[in-house]
Amino acid sequence: MERRYVLNSWSKEEVRAVIRYEWALGVSGTEIHNRLVEVYGRGVMSKQMVRRWCRTFSDGRQQVEDIPRAGQTRTATTDANIGKVDDMIRANRRITIDEVAEELGISHE
């Protein structure tokens, strides 16, 4: 009897590497998606996104990592801020996101 496991933990890069591998074997985007769902579960990636990655690899892209983009880097998610937010919530469970953001000088996101 064949035993299968659902992998609940995965990275974007891991899934993209699987897509690239399957695409290189000539597997269709729909079938790749079905296989991903079978192994990683329903929340892995949409069928449309799998097809988009297949097109991207067909266009010549080799890497599975995100391409760095211009723009402001994220600096609000630091260990210090995480600790401060935790302390603020423990001190006042009714604190709002607006109050946290204002206190720490960060955005909602």
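Residues numbered from 1 in each chain as written. Predicted model: local features only at pLDDT ≥ 70, side-chain atom pairs only at ≥ 80, totals over all residues. Heavy atoms only, no water.

Q: Please provide a residue-by-residue account of the environment of Asp66, values included.
A: Here Asp66 lies in the loop between helix 3 (47-58) and helix 4 (79-91). For Asp66, the residues in contact, after removing those within four places along its chain, are Lys12, Glu13, Arg16 and Arg61. One polar contact links Asp66 to Lys12, side chain to side chain, over a distance of 2.8 Å. Of the polar contacts made by the side chain of Asp66, one reaches the side chain of Arg16; its length is 2.8 Å. (Helix = DSSP H or I, 4+ residues; strand = E, 2+ residues; numbered from the N terminus. Contact = heavy atoms within 4.5 Å. Polar contact = N/O pair within 3.5 Å; in protein donor to acceptor, adjacent residues only side chain to side chain.)

Q: Could you give an account of the nonpolar core, with specific residues and numbers?
A: Counting residues in hydrophobic clusters, the biggest one holds 13 residues, and the most contacted among them are Val15, Ile19, Ile32, Leu36, Val44, Met45 and Val50. Listed by contribution, the elements that provide at least two residues to this core are helix 1 (12-24), helix 2 (29-40) and helix 3. For this core, the element with the highest residue contribution is helix 3, accounting for four residues. Beyond its immediate stretch of four places on either side in the chain, Ile32 contacts Ile19, Glu22, Trp23, Val27, Val50 and Cys54. (Core = buried A, V, L, I, M, F, W, Y, C linked by side-chain atoms within 4.5 Å. Buried < 20%, exposed > 50% of the residue type's maximum accessible area, 1.4 Å probe, protein only.)

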